[in-house]
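Here are the chains, one letter per residue:
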There are 8 protein chains.
Amino acid sequence: MNRNDLTSLLQAIHDGRTSIEEGIARLSQLPFEDVGVALIDHHRELRQGVPEIVLGERKSLEQLQTILKAMAAKGGNILVTRLSPENADQLCEDFPQADYDKDARTLTLIQQQIEENGKGTVLVVCAGTSDIPVAREAVITARMLGNRVVELVDVGVAGIHRLLAQGDKLRDAKVIIVVAGMEGALPSVIGGLVPVPVIAVPTSVGYGAAFGGIAALLGMLNSCASGVTVVNIDNGFGAAFAANRINQTGAS
Amino acid sequence: MNRNDLTSLLQAIHDGRTSIEEGIARLSQLPFEDVGVALIDHHRELRQGVPEIVLGERKSLEQLQTILKAMAAKGGNILVTRLSPENADQLCEDFPQADYDKDARTLTLIQQQIEENGKGTVLVVCAGTSDIPVAREAVITARMLGNRVVELVDVGVAGIHRLLAQGDKLRDAKVIIVVAGMEGALPSVIGGLVPVPVIAVPTSVGYGAAFGGIAALLGMLNSCASGVTVVNIDNGFGAAFAANRINQTGAS
Amino acid sequence: MNRNDLTSLLQAIHDGRTSIEEGIARLSQLPFEDVGVALIDHHRELRQGVPEIVLGERKSLEQLQTILKAMAAKGGNILVTRLSPENADQLCEDFPQADYDKDARTLTLIQQQIEENGKGTVLVVCAGTSDIPVAREAVITARMLGNRVVELVDVGVAGIHRLLAQGDKLRDAKVIIVVAGMEGALPSVIGGLVPVPVIAVPTSVGYGAAFGGIAALLGMLNSCASGVTVVNIDNGFGAAFAANRINQTGAS
Amino acid sequence: MNRNDLTSLLQAIHDGRTSIEEGIARLSQLPFEDVGVALIDHHRELRQGVPEIVLGERKSLEQLQTILKAMAAKGGNILVTRLSPENADQLCEDFPQADYDKDARTLTLIQQQIEENGKGTVLVVCAGTSDIPVAREAVITARMLGNRVVELVDVGVAGIHRLLAQGDKLRDAKVIIVVAGMEGALPSVIGGLVPVPVIAVPTSVGYGAAFGGIAALLGMLNSCASGVTVVNIDNGFGAAFAANRINQTGAS
Amino acid sequence: MNRNDLTSLLQAIHDGRTSIEEGIARLSQLPFEDVGVALIDHHRELRQGVPEIVLGERKSLEQLQTILKAMAAKGGNILVTRLSPENADQLCEDFPQADYDKDARTLTLIQQQIEENGKGTVLVVCAGTSDIPVAREAVITARMLGNRVVELVDVGVAGIHRLLAQGDKLRDAKVIIVVAGMEGALPSVIGGLVPVPVIAVPTSVGYGAAFGGIAALLGMLNSCASGVTVVNIDNGFGAAFAANRINQTGAS
Amino acid sequence: MNRNDLTSLLQAIHDGRTSIEEGIARLSQLPFEDVGVALIDHHRELRQGVPEIVLGERKSLEQLQTILKAMAAKGGNILVTRLSPENADQLCEDFPQADYDKDARTLTLIQQQIEENGKGTVLVVCAGTSDIPVAREAVITARMLGNRVVELVDVGVAGIHRLLAQGDKLRDAKVIIVVAGMEGALPSVIGGLVPVPVIAVPTSVGYGAAFGGIAALLGMLNSCASGVTVVNIDNGFGAAFAANRINQTGAS
Amino acid sequence: MNRNDLTSLLQAIHDGRTSIEEGIARLSQLPFEDVGVALIDHHRELRQGVPEIVLGERKSLEQLQTILKAMAAKGGNILVTRLSPENADQLCEDFPQADYDKDARTLTLIQQQIEENGKGTVLVVCAGTSDIPVAREAVITARMLGNRVVELVDVGVAGIHRLLAQGDKLRDAKVIIVVAGMEGALPSVIGGLVPVPVIAVPTSVGYGAAFGGIAALLGMLNSCASGVTVVNIDNGFGAAFAANRINQTGAS
Amino acid sequence: MNRNDLTSLLQAIHDGRTSIEEGIARLSQLPFEDVGVALIDHHRELRQGVPEIVLGERKSLEQLQTILKAMAAKGGNILVTRLSPENADQLCEDFPQADYDKDARTLTLIQQQIEENGKGTVLVVCAGTSDIPVAREAVITARMLGNRVVELVDVGVAGIHRLLAQGDKLRDAKVIIVVAGMEGALPSVIGGLVPVPVIAVPTSVGYGAAFGGIAALLGMLNSCASGVTVVNIDNGFGAAFAANRINQTGAS
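It should be emphasised that the depicted structure is a prediction, and the values quoted were computed from it without experimental measurement. (Residues numbered from 1 in each chain as written. Chains lettered and ligands numbered in written order. Predicted model: local features only at pLDDT ≥ 70, side-chain atom pairs only at ≥ 80, totals over all residues. Heavy atoms only, no water.)

**Focus on the sheet that holds strand 2 (residues 78–81) of chain D**
Residue and element names in this part refer to chain D. Filter applied, for reference: Here, a strand pair is defined by DSSP locating no fewer than two bridges between the strands. A run of H or I in DSSP counts as a helix once it spans at least four residues, and a run of E counts as a strand once it spans at least two, with each numbered from the N terminus. Think of each axis as a best-fit line through the C-alpha atoms, taken over the contacting stretch in the case of a helix, with angles from 0 to 180 degrees between the N-to-C directions.
Pairing is mixed across the open sheet formed by 4 strands, whose spatial order is 1-2-4-3. In this open sheet, the two strands that pair with only one neighbour each are strand 1 (52–55) and strand 3 (99–101). The mean inter-strand angle of the sheet, taken between neighbouring strand axes irrespective of direction, is 15°. Relative to strand 4 (residues 106–109), strand 2 is paired through 3 bridges, and the arrangement is antiparallel. Of the residues in strand 4, the one forming a bridge with leucine 79 is threonine 108.

**Observations regarding a negative patch on the surface**
As a reminder, the rule being used: In this scheme, patches are assembled from residues that exceed 30% relative accessible area and form no salt bridge. Like charges are connected within 9 Å, while nonpolar side chains (Val, Leu, Ile, Met, Phe, Trp, Tyr) are connected within 5 Å. To be clear on the numbers: accessible area is Shrake-Rupley with a 1.4 Å probe, and residue cover counts the displayed protein chains and nothing else. A side-chain nitrogen of Lys or Arg and a carboxyl oxygen of Asp or Glu constitute a salt bridge if their distance falls within 4 Å. Counted charges follow a simple rule, with Lys and Arg positive, Asp and Glu negative, and His plus the chain ends left uncounted. Lysine's charge is taken at NZ, arginine's at CZ, aspartate's at CG and glutamate's at CD.
Where like charges cluster on the molecular surface, the negative patch consists of Glu86, Asp89, Glu93 and Asp94 of chain A. Structurally, glutamate 86 of chain A can be placed in helix 6 (residues 85–94).

**Looking at the environment of arginine 143 of chain C**
Residue and element names in this part refer to chain C. As a reminder of what qualifies: Relative accessible area decides the class of each residue, using a 1.4 Å probe on protein chains only: under 20% of the type maximum gives buried, over 50% gives exposed, and in between gives partly exposed. We call two residues contacting when some pair of their heavy atoms lies within 4.5 Å.
Along the polypeptide, arginine 143 turns up in helix 7 (residues 132–144). Assessed through its relative accessible area of 36%, arginine 143 is described here as partly exposed. Separated by 80 residues in the primary sequence, arginine 143 and glutamine 63 have C-alpha atoms spaced 26 Å apart. Setting aside chain neighbours within four positions, we find arginine 143 in contact with Ile114, Val149 and Glu151.

**A few points about the side chain of threonine 106 of chain A**
Residue and element names in this part refer to chain A. Tracing the chain through its elements places threonine 106 in strand 4 (residues 106–109). On the accessibility criterion, threonine 106 (1% relative accessible area) is buried. The contacts of threonine 106, once residues within four sequence positions are left out, are Leu79, Val80, Thr81, Asp99, Tyr100, Asp101, Glu137 and Ile140.

**Some details on the sheet that holds strand 4 (residues 106–109) of chain E**
Residue and element names in this part refer to chain E. Spatially, 4 strands are ordered 1-2-4-3 in an open sheet, and the strand pairing comes out mixed. In this open sheet, the two edge strands, each paired with only one partner strand, are strand 1 (52–55) and strand 3 (99–101). Ignoring strand direction, the axes of neighbouring strands in this sheet form an average angle of 15°. The pairing of strand 3 with strand 4 spans 3 bridges and is classified as antiparallel. From the neighbouring strand, aspartate 101 faces strand 4, where its bridge partner is threonine 106.

**Quick look at the packing of aromatic side chains**
Remark: the centre distance and the inter-plane angle together describe each pair of aromatic rings, the angle taken between the planes. To keep things clear, this is the line we draw: For this analysis, a ring pair means two rings from Phe, Tyr or Trp (six-membered ring only for Trp) whose centres lie within 6.5 Å, classed as stacked if their planes differ by under 30 degrees, edge-to-face if by over 60, and tilted for the remaining angles. Geometrically, a lysine NZ or arginine CZ counts as sitting over a ring once it is within 6 Å of the ring centre and also within 35 degrees of the ring normal.
As enumerated under the stated definition, the model contains 8 aromatic pairs over all chains in all. Consider the rings of phenylalanine 237 of chain D and phenylalanine 241 of chain D, whose centres lie 5.8 Å apart with planes at 55°: the pair is tilted. One end of the pair is phenylalanine 237 of chain D and the other is phenylalanine 241 of chain D, both in helix 12 (residues 236–249) and 4 residues apart, which spans about a single turn. Exposure class is identical for phenylalanine 237 of chain D and phenylalanine 241 of chain D. Each is buried. Between the NZ or CZ atom of arginine 82 of chain C and the centre of the ring of tyrosine 207 of chain B, over which it lies, the distance is 3.5 Å.

**A closer look at the pairing of strand 4 (residues 106–109) of chain C**
Neither face of strand 4 of chain C is exposed, since Thr106 and Thr108 of chain C on one face and Leu107 and Leu109 of chain C on the opposite face are all buried. Between strand 3 (residues 99–101) of chain C and strand 4 of chain C, which pair antiparallel one after the other, the connecting turn spans 4 residues, and arginine 105 of chain C there sits at a positive phi close to 60°.

**Observations regarding the packing of helix 11 (residues 214–221) of chain C against helix 11 (residues 214–221) of chain G**
Here is the rule we go by: Any angle that is under 35 degrees is reported as roughly parallel, and any over 145 degrees as roughly antiparallel; angles of 65 to 115 degrees are reported as roughly perpendicular and all others as oblique. Take the far helix as the reference: if the near one is turned anticlockwise from it by less than a right angle, the crossing is left-handed, and if turned clockwise, right-handed. Amino acid classes used here: Ala, Val, Leu, Ile, Met, Phe, Trp, Tyr, Cys and Pro are nonpolar; Asp, Glu, Lys and Arg are charged; the rest, including Gly, are polar.
Packing of helix 11 of chain C against helix 11 of chain G leaves a shortest axis separation of 8 Å and a crossing angle of 125°. Judged by the inter-axis angle, helix 11 of chain C sits oblique to helix 11 of chain G. With respect to the hand of their crossing, helix 11 of chain C and helix 11 of chain G are arranged in left-handed fashion. Taking contact as the criterion, the partners of Ile214, Ala215 and Leu218 of chain C in helix 11 of chain C are, on helix 11 of chain G, Ile214, Ala215 and Leu218 of chain G. Looking at side-chain class alone, the contact of helix 11 of chain C with helix 11 of chain G contains 6 nonpolar, no polar and no charged residues.

**A few points about the pairing of strand 2 (residues 78–81) of chain H**
Residues and elements named next belong to chain H. Rules: If the strands point away from the viewer and the path from the first strand over the helix to the second runs clockwise, then the crossover is right-handed.
Alternating positions in strand 2 separate into two faces, Ile78 and Val80 on one and Leu79 and Thr81 on the other, with burial throughout. Bridge analysis of strand 1 (residues 52–55) against strand 2 gives 4 bridges, and the strand direction is parallel. When the bridges of strand 2 are listed, leucine 55 appears paired with threonine 81. Crossover strand 1 to strand 2 through helix 5 (residues 61–73) is right-handed.

**Overview of helix 10 (residues 186–193) of chain D**
One turn of the α-helix equals 3.6 residues, which is why residues spaced by three or four share an orientation. Among the 8 residues in helix 10 of chain D, 8 count as buried, and that is most of the element. For helix 10 of chain D, the full list of buried residues reads Leu186, Pro187, Ser188, Val189, Ile190, Gly191, Gly192 and Leu193 of chain D.

**Some words on helix 7 (residues 132–144) of chain A**
Put simply, the rule is: Multiplying 1.5 Å by the residue count of a helix minus one yields the expected span of that helix.
Here helix 7 of chain A is 13 residues long and its end C-alpha atoms lie 18 Å apart, about the 18 Å a rise of 1.5 Å per residue gives. Positioned one or two residues after helix 7 of chain A, glycine 146 of chain A has a phi angle of 100°, which is positive.

**Re the environment of threonine 81 of chain F**
Residue and element names in this part refer to chain F. With respect to the secondary-structure elements, threonine 81 resides in strand 2 (residues 78–81). In the structure, threonine 81 is positioned 26 residues away from leucine 107 in sequence and 6.6 Å away in space, judged by C-alpha atoms. When residues no more than four places from it in sequence are discounted, the contact partners of threonine 81 are Val54, Leu55, Gly56, Glu57, Arg105, Thr106, Glu137 and Phe237.

**Some thoughts on the confidence of the model for chain A**
Residues and elements named next belong to chain A. Heads up, the condition is: Predictor confidence is given residue by residue as pLDDT, running from a minimum of 0 to a maximum of 100.
On average, residues of chain A carry a pLDDT of 84, and 86% of them reach 70 or more. For residues 29–49, every residue scores under 50 in pLDDT, and the model assigns this stretch 45 contacts once sequence neighbours within four places are set aside. If you check the scores for this complex, the pTM reads 0.86 and the ipTM reads 0.83.

**Things to note about unusual backbone geometry**
Backbone geometry places methionine 182 of chain B, a non-glycine residue, at a positive phi of 50°. One can find methionine 182 of chain B in the loop between strand 7 (175–180) and helix 9 (186–193). Here aspartate 154 of chain E, not a glycine, exhibits a phi torsion of approximately 60°, which is positive. Summarising the element assignment, aspartate 154 of chain E is placed in the loop between strand 6 (148–153) and helix 7 (160–164). When its relative accessible area of 33% is taken as the criterion, aspartate 154 of chain E is described as partly exposed.

**Notes on the pattern of salt bridges**
Across all of its chains, the model carries 35 salt bridges over all chains by this definition. In this structure, aspartate 101 of chain F engages arginine 136 of chain F in a salt bridge whose closest nitrogen and oxygen atoms are separated by 3.2 Å. Here the residue aspartate 101 of chain F occupies a position in strand 3 (residues 99–101), and arginine 136 of chain F occupies one in helix 7 (residues 132–144), the gap between them amounting to 35 residues. For arginine 136 of chain F, a relative accessible area of 19% gives the class buried. A single network of salt bridges, built from pairs that share partners, joins Asp101, Arg136 and Glu151 of chain A.

**Concerning the side chain of asparagine 232 of chain G**
Counted only if it meets this: Each polar contact in these results corresponds to two N or O atoms within 3.5 Å; when the atoms are within protein, one needs to be able to donate a hydrogen and the other to accept it, and residues that are neighboring in sequence are counted only if both atoms are side-chain atoms.
You can see asparagine 232 of chain G is positioned in the loop between strand 9 (228–230) and helix 12 (236–249). On the accessibility criterion, asparagine 232 of chain G (3% relative accessible area) is buried. A distance of 3.2 Å separates the side chain of asparagine 232 of chain G from the side chain of asparagine 222 of chain H, its partner in a polar contact. Leave out the neighbours within four places in its chain, and asparagine 232 of chain G touches Tyr207, Gly208, Ala209 and Ala210 of chain E, Val201 and Pro202 of chain G together with Leu221 and Asn222 of chain H.

**What about the packing of helix 5 (residues 61–73) of chain C against helix 6 (residues 85–94) of chain C?**
A pair of packed helices can be characterised by two numbers: the angle between their axes and the separation between those axes. Residues and elements named next belong to chain C. Packing of helix 5 against helix 6 leaves a shortest axis separation of 10 Å and a crossing angle of 35°. The crossing of helix 5 and helix 6 is right-handed. When helix 5 is examined against helix 6, the residues Leu61, Leu64, Gln65 and Leu68 are found in contact with a partner set consisting of Asn87, Gln90, Leu91 and Asp94. Taken together, the residues that form the contact of helix 5 with helix 6 break down as 4 nonpolar, 3 polar and 1 charged.

**A closer look at the environment of proline 85 of chain C**
All names here are of chain C. As for its position among the elements, proline 85 is in helix 6. What makes proline 85 partly exposed here is its relative accessible area of 35%. Taking the C-alpha atoms as reference points, proline 85 and threonine 106, 21 residues apart in sequence, are found 9.4 Å from one another.

What follows is the structure, encoded as structure tokens:
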């Protein structure tokens, strides 16, 4: 809308040819306001059952208490990620209905029933038992976001038959999150078995040349299975968020 | 072969309706065919319009000619990626209906109409003009896989208003592929604007501390927008393949 | 400006209490348009003497010819950076008044006298003769942007007396760009001698553990002289652009 | 001044043609004495209000007590950076008028009013709440050095509208320090919006492939906005010192 | 189940000697059991004296107690690697016959005599005294797997005569595991002296540019002695497991 | 000089048949000759059929011609690795019975029948067609060293059924060399399927975050299958040499 | 066994004074003893005043007590490096005449007067106060090895005049050890000022992109002053040992 | 010399108590003049037989011709390093008495007899034949600087007896330069055998995980032999320059 358009519009309002209501409607399309309202409302609005999400890391107990108190008062659901056990202990006292998962290091406070917002199942697969904490973060996040979630643990590539024996679960998933440390090979195998989206999560499990998850990360970025996508090391939360973006895609 | 099929087969052997030889023949197909049929048929079957895909890199002209000749004879569509201009010249002579894209370095041979297999639009966004080759590879791949594709170029974060002015395209996409080199910041901005899946493709565009795409790759893996997923550096093909996995998700 | 404000404004226009002109004025302050017009005009407007800048790298001769032709037609000045000698040869034929610097790999086309826009001198210091190409890119860019530039070459830290003998030039500069490869120590020494802004440019000069400029880059980022800032490896252009931002600061 | 000049000068002194005072004046211009006095006095002299700066890290409490006692006795202002809370507790007891900022980990002891030495405003922008400690170090340092400082927090690129809504602050700054972790994209966006100097500070905020700030550092070095300069990871102090160098530039 | 077995089964079904139900039962074991039985039985079966192996790292005391209790009940031998001293203390109380090696950080519980399963000697050589913990893990693992093991310590390359004086031990080994940190040169020297398999284990011993074992790892991967193979940093367990694979090779 | 030789020498001195001077002369050859004989004779002796090995890389044609001429004159077999096609062309003219493998870049000159020196089969498995050159180098080297070799190509983990269908070959091997680029996951899968030694060879196949084979190398070093050992990137020769060390182990 | 000894032995055999058996026995000691005596005696002999050196790191208190007790009994001098304060406390109780330097983390036990074994002075220069611990390790080691040592601290390149004011010390040194962290530029400046050997020691002082000393290490390896050599990060001991090798060079 | 001292001195000259000559003498000691004259004259003066050194890399033929012409006119000796064969061809035509070494890529022009300036022998040891070019650069440089040089080639650690057989040469050297690629282990072995200074030169020989010399560089920095110092990758020149610094040490 350039200056001429704007002049015409205001003239029409002035002349009464265009109603004020219609003027507002057209002006509300203006580039920026529009962006705020239309594109990014999913960030702000407080729809039923959609959680507020708080990164617990690098926040003091006092900060967390203040934030959670304010959020909880709104009556919505809350998910705190990467929360230390020490802070969790106190927060669980403050919010008795809150639930802390020691593996995932997440605190969930559910005040409203979670609406399932996707139409398919998110499968979270986990290569080894040491990868479980990251997988759990993904599971809990995906559920809080309204997804149906199935878990499958300890199906690493060194015992490939254990994975192959779970064909049903692989077949039934609409999105698969694959969590693996060390060489991070599992997403390649699964990506070759299924046609659905595969989100790979490298974990920092391993030692020496695992370099805190770099080996797994590189393995996943170089997957020989086409179309596997990757998130940051140990980022179960991000993988679940991505799975939710995908799962919602088919929902409408 | 499910339990019922197996019962019928054994019953027929028991009854003498099926010979032991034939029973062996059918059962010997079991172990991996079963895996093959159920889980990985999407890999093998030659559905109408689904292309055969060939990695052109590290293959000699002779190898490529042999492969394409055999594939073309089956009558399906073919996509060759990372093909050098020199090899492309000769192949385009051999297959006059083939089409080579100099930017994307892809050769496409379309012998059947491509069926749209997804129900939404794949938007391919590109930060700078130097990123276009990678974006083109994504566009061509996604189209060959049966997706409707829209392109949006030169909307880097240093001129953020150019991106924001394209709200419509962002809103209408079902999956967004974001291609960017240098600092790789564009997926973070877009991931914050839209709720749909965002697949980030780092490119090797840049010099010095760009380290051939590492800077962009790290930037994307650490995106502050939740749920952005990443593929390998310059991997437009992989991003399109992932977008196709997602787009198909909502198709059925 | 929320809905109520907007309604009031349009009502006032409708009622004739507010003129259309004033309505436009107020509406033009709306977040986005405003950004476009007010904040980023420095990007777009074609003030006298300010050059259009084109990155020559990764552009074909044809693309460059098209771009330069269009730009030249507007009558302004043009700076092409990272231009190959081959492309430069042809462009200099096309634009006889253009000038190509082989060291800097820049092409400049000056159609209007350059206005000096800063009020001080930009000093470009260069550790060794091998660093000259990057220093030249900085010098030419800074001049095209309207700065007075002084050069000082071959004053590396292994012969510290050569630098110290140039106290006058150091004292007279308002901004100093220091270009150095290998261990990249020169900015630390200069940063300790002068109170003005020092912009360090690591170069890819060196071999082995120089790692294409990483050694110099890290040296500069860890400078023991406080307040030295750094740009990308071999980024003489960026350093000059930063110097220009600074030099303009004191200009108004 | 060569041997002949020196001989002439001493002869003239000997003959009484040149006074001893004048001899001293001329000799004090000798190459490096001159450097010592003229160029680097800004390092040594104790101008009104300019703080002594102490790096608190790797110093024992005893060392710090000794240093601060000696400095405080001179009556000037003192800034201690990277000071542990434990050492700060004791130092605040020793120097009751000292002030410790827990976020910034700085101790300030103000014994003289700080003179504003720059003529513009330093804006310190911060991408996320986790980046606040580094931003605070920059804010406090810049103020101690005599700059007027404005802060702007939590305007990360994943919510770009929050930044764009702050056009006023961006427009009014003479120098902008941008503090960001994770992908470090904020300086690119701001560098594209404003014409003034932008100093980017990568932070170690993030995990996994953030690599303790490397991702942000690389992102900033490869900024697609021209003329953004960068300091070391978490180096809020250095950014403020650089901003002060710039801000002083226009002061005289 | 080979072709003969299958023929017999079908013949028995055909003849009515085996019921269809039983046939299904046996055939349903096929798909992966077949893989399982034929290829990977070495993983599962509980042969006399072959230990169960548990990775102690990242497991809680409770988890370890549960696992060991279940395993011990089967009567076989158990090896726990990378077990913290704290958890070891409690486990040694729970299982009084268990033995914890503080250097190797392994717990062994021997309930059956270990059968020697290889026909040669595994020699574990160790460059410096700081490498002993990794060497010990290799020694204990190799013994638990049924190998005869000889140790040779502190024969680093800086005192080459100490190694050369041990010609007998080198000559008598069938497989040699060489454990070394710092520059990791020992495997090259030994690989040049003997014709038998040499498995190199880099250790994280060293500081500074040892980079936690990377220097040693790279040294070993680039060994100028042909045919030296390498395992992960500090992976004494893996080296012993590889040595066992080799030693078993000649056993049958 | 063994014990018998030494006894003879001393007897001769004792008997006066050999002068003391001559005794000293012969004994002064002892120190390292002895080492040579006892420990490292496998390096020097020219047993029937064991090849001389020449690294073709970084040698000029003239150097290669001189070396091969001298070696060929001795009548043994010769293996030249990493030989450029240009040098190979000339050498094949000089030595008409020589054979150059374009994939493996090896030249072999067989003048004596190769004796099989191992008692088992070396299986060389290859993940993708691009990995074939490295696999071929391993195959040819292993054969030249006297091993029976079987090849298995294009069985990458993204199509796991193709590998599983080759159970026979895996079962029959005494040593397995697994060659893979990209994520390097194949050794983990194979290591989990078989009990025999597995030597992993990362290749430089891949692009972007494959980093010239680093991704595959790290994947293999972090294999979740116990006892997989690794050689340098693209080092098919070294893997075959290691396999030969192992295969010889069971030979005597 | 030198030539004379050998002549005597053979003469005795010749004369029948020594039996052939005994001759063989004595000669069989030759191979490595010889190496030991001739080449490496400097390692073993216990010359007056030359210290035994023990690496304190990664050794338990018990191990250290045992080692020191044994060594002390021989009456020589002892140097323990990288010793933790905790272990030092106990060892100083056990050996009351021992002296622990908290900065250098060295324990010295002097039981014999140290002989000066070099003919020149070792100068240890240190860039900043945080580098002092590493410098102290060098000073103490060099003194224990018998060198005259002079120290020069806090002469970093950001205040170059402080260094230049110490021309005397630089001129008088026969070997200079330069200890610096951060950008590690000091050795370049000093290497350009003096003709004597300069040994650079990078320290882990710094943060962020200092990467634990990598920045300083790379800076020193790429020094633009010719002939500067480098040791490992924080390796004050190694630098002193190297300086001693040099200083002894001129001693004889 | 502070102001008071200066005043006293000038007063004394004025009064005739101090002669002008003495005044000059004392003033010539002033801090930095002094540095220029006394400390760094070794850089500038043209003593008999000391070569001018030119880095041939990154210089055009024209630049080299100009430089050499000017230098040759002075009659001294000249050493050009890292000179391409193409430029060498022309320069050898221009300067017929010049000599180009193809391996070392050095051009030497000897117009005066080289004076031996050290009192000992520099031994240059080389691990493999591929390392010879770097070793040659060291040999030629050391000779041009006036040192007696002995070479020892192809004594890599995988054939340790070849090195040990050269005890004489090792024993006779006053300084040893050890050139090695791949794992870079040779300096550790030699450093353990001899008491004299050992300068290690990593080379870029190798492939894959050799990373262009990083593996060798790290190996050398982490040498388990105390007091080995290191120069940059492929820096034969620097090693020789360092050896010359050392060798001169004992000369006076």
